[in-house]
Structure formats: structure tokens, C-alpha cells
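So the chains spell out like this:
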Amino acid sequence: KIVFLKSVALEASEGVYTCEYDAGNLFLNGNKSTDDDILKIVNKGIWIVQENILSHKRIRAINSSALNTCRIVTILDNNRPEYLTGFQAFATGDALTDAWSRGSIYVGIDIENECLKEFGYYNTSDKERSICTIHPDSSVTFKGYKMPYLKQAVDLCIRAHFLFYNNYIIGWD
């Protein structure tokens, strides 16, 4: 069984470790480890332990190696949260995370039509790639690709923003 250890203080897959227990052996990021190895990590900071879960089947059709996340950004307007922008992240290859710094593609989302926009963007530090219109592994075309539960996700983020009324802008994954 695989679980992820995630630091609450770091971003872009920094502080994310895969832990697997198989046939009496413990593996941390694929390397055989001991309980002490894990304790050295988790004794510093605050960590979330997350089971390995799957993306919705529509998202897995584009990439199935990672839990590809949707980022929704809300902002306060006259003390009321509202949707500002958002994008869908897709891992590439067999990456376990959808971090932009690790080769993932970020595609804009069209909330009104509940679909992806036309272009996907690689990290600007990637000198070989910049913009694409299809996922390099699945060859799925982004433009118009229907995404599940976008309006519900935006509604949830707006309602949750009320709980953090001291924050002007929040990015939700």
C-alpha cells in the first residue's frame, strides 16, 4: 500500500514523499528505509498522511500516474468571495505528482462551459517545451474537453473562503 507524506509548509512537490510497505519492507521514495528514516523526516514540521487516491476517470483519461489537481483561485470583492481564475494540472510521463516544476502541464479551465481551454503551459524554465494543445502522453486535445464537477468545486471554494475572511486571495487545490 502506498501513502504520501506531505509537508504543510512546502510547495511544488517539495516535502512530498511516497511511503510503501511491501512484504515486510518499508520504502521511502522507492528506496528501502527504516522507521528511523521516516521519523527523521516527520519530526521536523507538520505533515499530512494521504492515501494514494485516483483522479476522476475523465482526468485519468489524460494522465493516470498522479492525482492531477484543479487549482481554483478565489478573491474577496467587497468582502464577498468570488471566483478569480483556475487551471487543471496534469502530470506527464509516470510522475506521481502534478508539480509544474517537475514537467507537468497547466491548462486553463472554462468554468461556464465546464471544460478545458485550448492551451497547456509547461514551466517557463523548460527550454525545450512551452505551450501545447494536446497532452504528450495520452494525445487528448485540451480545448473543449469536459471536466467533471467544476461548478461544484468553484462553489465549494467560494463557500470555504468565507471561513478565511482575513485572506484576500486564496488558491485552492
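Predicted model, so just to flag it, every value in this text is computed and none were measured.

What counts, and where the lines are drawn
Residues numbered from 1 in each chain as written. Predicted model: local features only at pLDDT ≥ 70, side-chain atom pairs only at ≥ 80, totals over all residues. Heavy atoms only, no water. Salt bridge = Lys/Arg side-chain N within 4 Å of Asp/Glu carboxyl O. Helix = DSSP H or I, 4+ residues; strand = E, 2+ residues; numbered from the N terminus. Buried < 20%, exposed > 50% of the residue type's maximum accessible area, 1.4 Å probe, protein only. Polar contact = N/O pair within 3.5 Å; in protein donor to acceptor, adjacent residues only side chain to side chain. Contact = heavy atoms within 4.5 Å. Pairing = 2+ DSSP bridges. Axes fitted to C-alpha atoms, helices over the stretch in contact; angles between N-to-C directions. Core = buried A, V, L, I, M, F, W, Y, C linked by side-chain atoms within 4.5 Å.

(A) Focus on the pattern of salt bridges. On inspection of all chains with the given rule, the structure shows three salt bridges. Put simply, Arg129 and Asp126 hold a salt bridge, and the shortest N to O gap is 2.9 Å. Between Arg159 and Asp155 there is a salt bridge, and its shortest N-O distance comes to 3.0 Å. Highlighted residues: Arg159 and Asp155, both in helix H3 (residues 150–161), separated by four residues, approximately one helical turn.

(B) A look at the side chain of Ser55. In this structure, Ser55 sits in the loop between strand E5 (47–51) and helix H2 (57–60). Look at Ser55 and you get buried, because its relative accessible area is 6%. A distance of 3.0 Å separates a polar side-chain atom of Ser55 from the backbone nitrogen of Asn68. Ignoring sequence-local partners within four residues, the contact set of Ser55 consists of Arg60, Ala66, Leu67 and Asn68.

(C) Representation of the environment of Lys57 within the structure. With respect to the element layout, Lys57 can be found in helix H2. Between the C-alpha atom of Lys57 and that of Met147, which follows or precedes it by 90 residues, the distance is 10.0 Å.

(D) Broad picture of the sheet that holds strand E4 (residues 31–33). Strand order in this open sheet of five strands is E4-E3-E2-E1-E5, and the pairing throughout is antiparallel. Of all strands in the sheet, those bounded by a partner on one side alone are E4 and E5. Strand after strand, the sheet turns through a mean of 30° between neighbouring axes, direction not considered. Sheet topology places strand E2 (residues 16–22) next to strand E3 (residues 25–28); four bridges connect them, and they run antiparallel. Each bridged residue has a counterpart across the sheet, and for Cys19 the counterpart in E3 is Leu28. Helix H1 (residues 35–42) contacts strand E1 (2–7), E2, E3, E4 and E5 of the sheet and is inclined by roughly 35° relative to E3.

(E) Inspection of the sheet that holds strand E11 (residues 169–172) at higher detail. Strand order in this open sheet of six strands is E10-E9-E8-E7-E6-E11, and the pairing throughout is antiparallel. Each edge of the open sheet is held by one strand with a lone partner, namely strand E10 (131–132) and E11. The pairing of strand E6 (residues 70–77) with strand E7 (residues 80–90) spans eight bridges and is antiparallel. Looking at the pairing, Ile72 lines up with Gly86 of E7. Sheet strands in contact with H3 are E6, E7, strand E8 (105–110), strand E9 (115–121) and E11, and its direction is about 45° off that of E6.

(F) Quick look at the nonpolar core. One finds Phe90, Leu116, Phe142 and Met147 to be the most contacted residues of the largest nonpolar core, which totals 22 residues. Listed by contribution, the elements that provide at least two residues to this core are E6, E8, H3 and E11.

(G) Inspection of unusual backbone geometry at higher detail. Of note in this structure, Asn79 is not a glycine but carries a positive phi near 65°. Overall, Asn79 belongs to the exposed group, its relative accessible area being 67%. Here the phi dihedral of Ser139 falls at roughly 60°; this positive angle occurs in a residue that is not glycine. Relative to the helices and strands, Ser139 is located in the loop between E10 and H3.

(H) Quick look at the side chain of Thr18. By secondary structure assignment, the location of Thr18 is in strand E2. The contacts of Thr18, once residues within four sequence positions are left out, are Ile2, Val3, Phe4, Phe27, Leu28, Asn29, Gly30 and Leu96.

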